Amino acid sequence: MTRHGRNSTANPVYTYHERKAASARSGYGSLKARLGKDSIKEFDCCCLTLQPCRDPVITTEGFLYDREAILENILHQKRDISKRTREFEKQKEKLDAEEELVRNAEDIARKQQFLETERQISTKRVSASVPAGSAAAGVSTEGATSGSAAGSTTTAVGAGATRVAAVAVAVATAGASPAASGGAAKKEDPMHSAANPSFWVPALTPQAKPTLIKKPDKHPTCPMSEKTLKLKDLITVRFTRINDDDDRPDVAKQVRYRCAISGDELGNHVPCAVLRKSGIVVTMECVDKIVRKDMTDPTTGDRLQDKDIIRIKGGTGFASSAAEEGHVLNVKAARPVAMF
C-alpha cells in the first residue's frame, strides 16, 4: 500500500464524496433532483387520474380533467362540505349555549347584589320635631319594621334567584378540582381514563383546548387551482386524432392528437390552446397567426374574446419552455444542515 493510500483518511476536511456519503447516511443536507420526461404529465392526461382523457373537459384556468373523474371529485367535495357544515353548526350551538349560561350566571349575580343592597336601604324619613332619643328609637323601630317587610317581600324573589344561581354555579364548577370543591367529589384522572388512552399525544392532553372547526366553503374548488369550480365552468374538449393505422391503445402511443387547423402533432413540447366556442385544440402558433387576426373560430365562424382562448396547462420536456410556463423541472427537499 502506498503512502497516499495509508494517509487518505488523515485529511481533517471532508471531501465532496465523503460529505455526500455522510449526508445520505445521516439524513442531513438538502436533496436536489432533476425531473425527467417520465415524471412529467402528458398534456392530454387528466390532472386527477394521470391517464389519457376519455371524455376530456377543461376549466377556465386551463386544467384538463376526465369528466367522470372531476364529477366524482366534485360530488366527494360536496359530501365533505355537508359533513363539515353539520359539525360546524353543532360546535356553534355548543358555544352559544356556553355563552348563554355565562350570561345567565352574570345576570343572577347582579340581581343578588341588587337585592342585598335593597335590604340595607331604609326609606323612613325622620321628623325634626321628634326628640333625639325618640327619633333614634323610631328610626331603629321603623328600620327594623321596614327591614322585615323588605325581607318578607323579597323572600320569594330571592329564593327563586338563589335556586337558579345554585344551578349555574354547580354547572360552572362541575369541572373544578377536588380541593376547590372541598374534597366532596372525587374526580377521575383524565390521564388514566379509558376515554383517553393516548395521553402522550399533545392534542389529547387535558391542558390542550379543543380545536375549533372553521366554517367550510359552500362551493367545491378546483383540485389544481383551488378556486371555486362550477359545472358550467367545465368546457368540453374535442381533440383531433392523428391519421395513422396504429391500433394500439392511447397509453402506448407517443403521438395521439394533431392541431385541428394546421395538422401539426401535439405534445408537451408544443404549446396549445382550446377554443371555448367549438372546443377544438389548436397550437398557440395558429392562435397568434390565424385566430387573433379577426378573433373568429375557424371551424364555426363564431366571434371570440380573449377569455374564449384557454391555454392548456401541462408539463414540457424543455427547460426554456418550462421557465416561460412557470413550471419547475428541478426539485429540492430541505433537510437539517450538518456542518462537517
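It should be noted that the structure appears before, not after, this text.
Predicted model, so just to flag it, every value in this text is computed and none were measured.

Enquirer: What is the right way to look at the overall build of the protein chain in this model?
Expert: Scanning the protein chain from terminus to terminus reveals seven helices and 10 strands. For the protein chain, the proportion of its 340 residues judged to be buried stands at 23%. Expressed as a percentage of contacts within the protein chain between residues at least 6 apart in sequence, the contacts between residues at least 24 apart total 55%. Accessible area of the protein chain: about 24200 Å², with a carbon and sulfur share of 55%.

Enquirer: Mind showing me how you'd approach helix α3 (residues 67-119) here?
Expert: In an α-helix, one full turn covers 3.6 residues, which means residues spaced three or four apart are oriented alike. Between its terminal C-alpha atoms α3 stretches 78 Å, which fits the 78 Å expected from 53 residues at 1.5 Å a residue. Residues A69, I70, I74, Q77, I81, Q91, I108 and L115 constitute the buried set of α3.

Enquirer: Please clarify how the pattern of salt bridges should be interpreted in this entry.
Expert: A complete count under the given rule lists 13 salt bridges for this structure. Close ionic contact of E100 with R103 constitutes a salt bridge, the shortest N to O distance being 2.5 Å. Taken together, the residues E100 and R103, both in helix α3 and three residues apart, mark about one turn of the helix. The residue R292 makes a salt bridge to D306 at a minimum N-O spacing of 3.5 Å. Taken together, the residues span a long stretch of sequence, with R292 in helix α6 (residues 284-294) and D306 in the loop between α6 and β9 (309-311) at a distance of 14 residues. Where salt bridges share partners, they join R54, D66 and E68 into one cluster.

Enquirer: Can you help me understand the side chain of D297 in this one?
Expert: Within the secondary structure, D297 is located in the loop between α6 and β9. Polar contacts involving the side chain of D297 include one to the side chain of S278, which spans 2.6 Å. Excluding residues within four positions of it along the chain, D297 makes contact with L275, K277, S278, I280, D302 and L304.

Enquirer: What should I look at first to understand the nonpolar core in this one?
Expert: Nonpolar side chains in soluble globular proteins generally cluster together in the buried interior. One finds I58, Y65, L266 and V281 to be the most contacted residues of the largest nonpolar core, which totals 38 residues. Secondary structure elements with two or more residues in this core: β2 (56-58), β3 (64-66), α3, β7 (272-275), β8 (281-283), α6 and β9. Non-local contacts of L266, meaning those with residues more than four positions away in its chain, are made with F43, V255, Y257, R258, C259, C272, V281 and T283.

Enquirer: Just checking my understanding: could you explain the sheet that holds strand β4 (residues 235-236) for this structure?
Expert: Within a sheet, neighbouring strands are paired by backbone hydrogen bonds and run either parallel or antiparallel to one another. Ordered by their spatial adjacency, three strands build an open sheet running β3-β2-β4, and the pairing between neighbours is antiparallel. A single partner strand is all that each edge strand has here, and the edge strands are β3 and β4. Of the strand pairs in this sheet, β2 and β3 are connected by three bridges, and their pairing is antiparallel. Across the sheet, the residue bridging to P56 is D66, located in β3.

Enquirer: What is the right way to read the sheet that holds β8 from this model?
Expert: Pairing within the open sheet is antiparallel, and its three strands lie in the order β8-β7-β9. Each edge of the open sheet is held by one strand with a lone partner, namely β8 and β9. Averaged over all pairs of adjacent strands, the angle between strand axes in this sheet comes to 35°, irrespective of strand direction. Pairing geometry for β7 and β9, over three bridges, is antiparallel. Across the sheet, residue A273 finds its bridge partner in β9, namely R311. Against the sheet, α6 contacts β7, β8 and β9, and its axis sits at roughly 95° relative to β8.

Enquirer: Just to check I follow, could you spell out unusual backbone geometry for this structure?
Expert: Glycine aside, the phi torsion of most residues is negative, and most peptide linkages are trans. Non-glycine residue L50 carries a positive phi angle of around 60°. With respect to the helices, strands and loops of the structure, L50 is situated in the loop between β1 (31-34) and β2.

About the cut-offs
Residues numbered from 1 in each chain as written. Predicted model: local features only at pLDDT ≥ 70, side-chain atom pairs only at ≥ 80, totals over all residues. Heavy atoms only, no water. Helix = DSSP H or I, 4+ residues; strand = E, 2+ residues; numbered from the N terminus. Buried < 20%, exposed > 50% of the residue type's maximum accessible area, 1.4 Å probe, protein only. Contact = heavy atoms within 4.5 Å. Areas by Shrake-Rupley, 256 points an atom, 1.4 Å probe, with all protein chains shown as cover. Expected span 1.5 Å × (residues − 1). Salt bridge = Lys/Arg side-chain N within 4 Å of Asp/Glu carboxyl O. Polar contact = N/O pair within 3.5 Å; in protein donor to acceptor, adjacent residues only side chain to side chain. Core = buried A, V, L, I, M, F, W, Y, C linked by side-chain atoms within 4.5 Å. Pairing = 2+ DSSP bridges. Axes fitted to C-alpha atoms, helices over the stretch in contact; angles between N-to-C directions.

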